[in-house]
Amino acid sequence: MSDVTLAVDAMGGDHGVPVTVPAVGRVLSRHSSLHIILVGNPDVLAPALAKAGLEGHARVSIEPASEVVAMDDPVAVALRQKKDSSMRVAINLVKESRAQAAVSAGNTGALMAVSRFVLKTLPGIDRPAICTAIPSAKGHCHMLDLGANVDSQPEHLLQFAQMGQAVVRAVDGLSQPRVALLNIGEEDIKGNEQIKEAAALMQAAEDLNYVGFVEGNGIFLGDVDVVVCDGFVGNVSLKTMEGVATMIGGMIREEIGRSWWRKLSGLFSLPVLNGLKRRMDPERYNGASLVGLNGVVVKSHGGTGEAGFTSALEVALLEARRNVPALIRDAVAPLVRASEQPAS
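Residues numbered from 1 in each chain as written. Predicted model: local features only at pLDDT ≥ 70, side-chain atom pairs only at ≥ 80, totals over all residues. Heavy atoms only, no water.

Trainee: Is there a simple way to explain the pattern of salt bridges in this structure?
Mentor: When the charged atoms of two side chains with opposite charge come close together, those side chains can pair. Scanning the entire structure with this criterion turns up 12 salt bridges. We note a salt bridge from Arg-30 to Glu-314, for which the minimum N-O separation is 2.9 Å. In this pair, Arg-30 is assigned in helix H1 (residues 17–30) and Glu-314 in helix H11 (residues 306–322), connecting sequence segments 284 residues apart. A relative accessible area of 49% places Arg-30 in the partly exposed class. The partner of Lys-138 in a salt bridge is Asp-223, with the nearest N and O atoms 3.0 Å apart. You can see Lys-138 sitting in the loop between strand E5 (129–136) and strand E6 (139–144) and its partner Asp-223 sitting in the loop between strand E8 (210–214) and strand E9 (226–228), a full 85 residues away along the chain. Residue classification places Lys-138 among the exposed residues on the basis of a relative accessible area of 62%. Bridged by salt links that share partners, the residues Glu-63, Glu-96 and Arg-98 form one connected network. (Salt bridge = Lys/Arg side-chain N within 4 Å of Asp/Glu carboxyl O. Helix = DSSP H or I, 4+ residues; strand = E, 2+ residues; numbered from the N terminus. Buried < 20%, exposed > 50% of the residue type's maximum accessible area, 1.4 Å probe, protein only.)

Trainee: Mind showing me how you'd approach the pairing of strand E3 (residues 60–64) here?
Mentor: On a regular strand, each side chain points to the face opposite its neighbour's, so the side chains alternate between the two faces of the sheet. With 5 bridges connecting them, strand E2 (residues 34–40) and E3 associate as parallel partners. Considered in E3, the bridge of Gly-40 is made with Pro-64. (Pairing = 2+ DSSP bridges.)

Trainee: I keep staring at the environment of Asp-172 and nothing clicks. Help me out?
Mentor: Position of Asp-172 relative to the elements: it lies in helix H6 (residues 154–172). The exposure class assigned to Asp-172 is partly exposed, which follows from its relative accessible area of 32%. Asp-172 sits 53 residues away from Asp-225 along the chain, and the two C-alpha atoms are 9.6 Å apart.

Trainee: Would you take a moment to explain the sheet that holds E3 for this structure?
Mentor: Across a sheet, strands are paired by hydrogen bonds formed along the backbone, either parallel or antiparallel in direction. Spatial ordering of the open sheet is given by E3-E2-E1-E4-E11-E10-E5-E6-E9-E7-E8, a layout of 11 strands whose pairing is mixed. In this open sheet, the two edge strands, each paired with only one partner strand, are E3 and E8. Strand-to-strand twist in this sheet, taken as the mean axis angle between neighbours without regard to direction, amounts to 25°. Where strand E4 (residues 101–104) meets strand E11 (residues 296–299), 4 bridges bridge the pair, whose relative direction is parallel. Paired with Val-103 across the bridge in E11 is Val-298. Docked against the sheet, H6 engages E5, E6, strand E7 (179–182), E9 and strand E10 (288–291), running at close to 150° with respect to E6. (Axes fitted to C-alpha atoms, helices over the stretch in contact; angles between N-to-C directions. Contact = heavy atoms within 4.5 Å.)

Trainee: Can you walk me through empty space enclosed by the protein in this structure?
Mentor: Where empty space is left can be seen by rolling a probe of water-molecule size over the atoms. Under the definition given, this model contains 2 cavities of 30 Å³ or more. Looking at the largest cavity, the residues that line it are Ser-289, Leu-290, Val-291, Gly-292, Leu-293, Gly-295, Val-296, Val-297, Glu-319, Val-324, Pro-325 and Ile-328. Elements with a contribution of two residues or more to the lining of the largest cavity: E10, E11 and helix H12 (324–331). Of the residues belonging to the lining of the largest cavity, the class tally is 8 nonpolar, 3 polar and 1 charged. Estimates place the volume of the second largest cavity at around 40 Å³. Gly-12, Gly-13, Asp-14, His-15, Gly-16, Val-19, Thr-20, Ala-105, His-301, Gly-302, Thr-304 and Phe-309 together form the lining of the second largest cavity. In terms of residue class, the lining of the second largest cavity is built from 3 nonpolar, 8 polar and 1 charged. (1 Å grid on protein atoms, 1.4 Å probe; cavity = no way out; pocket = protein on both sides within 12 Å on 5 of 7 lines; lining within 4 Å. Points joined across faces, edges and corners; volume = space filled by probe spheres on them. Nonpolar A, V, L, I, M, F, W, Y, C, P; charged D, E, K, R; others polar.)

Trainee: Where do I start with helix H4 (residues 86–95) in this structure?
Mentor: Taking burial as the measure, the 10 residues of H4 include 8 buried ones, the bulk of the element. Among the residues making up H4, those that are buried are Ser-86, Met-87, Arg-88, Val-89, Ala-90, Ile-91, Leu-93 and Val-94.

Trainee: Can you walk me through the nonpolar core in this structure?
Mentor: Side chains that are nonpolar tend, in soluble globular proteins, to be buried together. Counting residues in hydrophobic clusters, the biggest one holds 38 residues, and the most contacted among them are Ile-91, Met-143, Ile-219 and Val-227. Where this core is concerned, the elements lending two or more residues are E2, H4, helix H5 (108–119), E5, E6, E7, helix H8 (231–256) and E10. Beyond its immediate sequence surroundings of up to four residues, Ile-91 is in contact with Ala-102, Leu-111, Val-114, Ser-115, Val-118 and Leu-119. (Core = buried A, V, L, I, M, F, W, Y, C linked by side-chain atoms within 4.5 Å.)

Trainee: Whenever I open this one, the layout of surface pockets confuses me. Can you help?
Mentor: Each pocket or cavity is described by its volume, and for the second largest pocket that value is around 490 Å³. What lines the second largest pocket is a set of 29 residues, and nearest its centre among them are Arg-284, Ser-311, Glu-314, Val-315 and Leu-318. Secondary-structure elements contributing two or more residues to the lining of the second largest pocket are H1, E5, E6, H6 and H11. For the lining of the second largest pocket, the element with the highest residue contribution is H11, accounting for 11 residues. Among the residues forming the lining of the second largest pocket, the class breakdown is 9 nonpolar, 10 polar and 10 charged.

Trainee: What's the story with the side chain of Ser-115 in this structure? I'm lost.
Mentor: Following the sequence through the fold, Ser-115 ends up in helix H5. When its relative accessible area of 0% is taken as the criterion, Ser-115 is described as buried. The contacts of Ser-115, once residues within four sequence positions are left out, are Ile-91, Lys-120, Leu-290, Leu-293 and Val-297.

Trainee: Just to check I follow, could you spell out unusual backbone geometry for this structure?
Mentor: Across residues other than glycine, the phi torsion is negative in most instances, and most of the peptide bonds are trans. Cis rather than trans, the peptide bond between Leu-144 and Asp-145 has omega equal to 5°. Mapping Asp-145 onto the fold places it in the loop between E6 and H6. Unlike most non-glycine residues, Asp-207 shows phi in positive territory, near 55°. Given a relative accessible area of 48%, Asp-207 falls into the partly exposed group. The backbone phi angle of Asn-323 is positive, close to 55°, even though this residue is not glycine. Mapping Asn-323 onto the fold places it in the loop between H11 and H12.

Here it is as structure tokens:
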């Protein structure tokens with residue numbers, strides 16, 4: 001298997017180096033052909049590498065960066081003022097082909113803006129999108145856009161569909177992923193004009209396995225592989241899912257702790273509860289892809305722990321090996337050809 005190099009924004013996120021460096025150690029132990037460029041302050045990274053047992057590691061190097069994009073930094077600050085941030089330098093390494101993918105747990109808006117500015121979008125893609133795996137009853141599906149665009153047009157939703165299908169073909173190995181459009185009902189008459197126009201475009205698209213509308217509850221049933229929506233709806237949906245999962249987990253702990261008898265019963269239920277936790281663990285699904293760019297960029301949740309950041313690194317490694325940007329370029333090629341044809 002050919003070598004892959006990941007550029008890691010080691011300073012970004014809520015925790016920074018205490019999470020990113022140990023996660024790098026984990027993923028290196030799993031993949032002998034993986035190389036890591038840790039981007040950040042060398043004076044901070046060196047002792048962290050020593051603590052993690054990675055000092056002098058043959059497949060780890062440090063790329064200096066003097067600035068850090070804070071989680072509350074405005075996009076303009078990250079883009080125009082902090083040109084030597086660990087985030088910007090990591091993305092520059094992808095642009096320079098020194099790395100095949102970049103991973104950051106930093107500010108989402110800043111990461112999207114910097115990535116788009118440095119890497120540019122693929123031909124035929126007007127707007128990049130945020131795509132991630134969502135657990136379902138039969139495994140998972142992929143959903144996009146999750147917040148990059150809040151005013152998408154029907155043409156953009158079609159592009160999201162093509163990109164989502166390409167991602168699922170690459171990472172899940174499905175030749176014909178089932179692509180659905182998120183709507184308030186499954187009937188053709190439901191939805192606003194934006195959704196209806198997008199549905200018509202998807203039905204007419206070449207090589208798109210469009211299966212129709214899916215409602216919010218259908219995301220979790222396992223009957224579709226790609227769920228398409230605009231960024232406003234997608235982000236609200238994602239945050240709602242996270243809130244419900246947190247609430248259910250808290251309720252279970254609260255109910256078990258109400259009495260000694262319930263605590264004892266909880267011990268007998270522990271295998272079931274642990275199994276449920278593994279299937280729904282957000283760290284297992286951590287790592288959202290910024291699709292539509294001339295390069296692989298993966299966004300890790302800012303507050304994730306070591307296991308979650310490891311998952312994000314795994315996503316970046318897989319997408320780099322499968323060359324997802326090239327697959328997306330091929331997927332949207334028919335859209336590019338159609339746009340280049342003279343009007344009759």
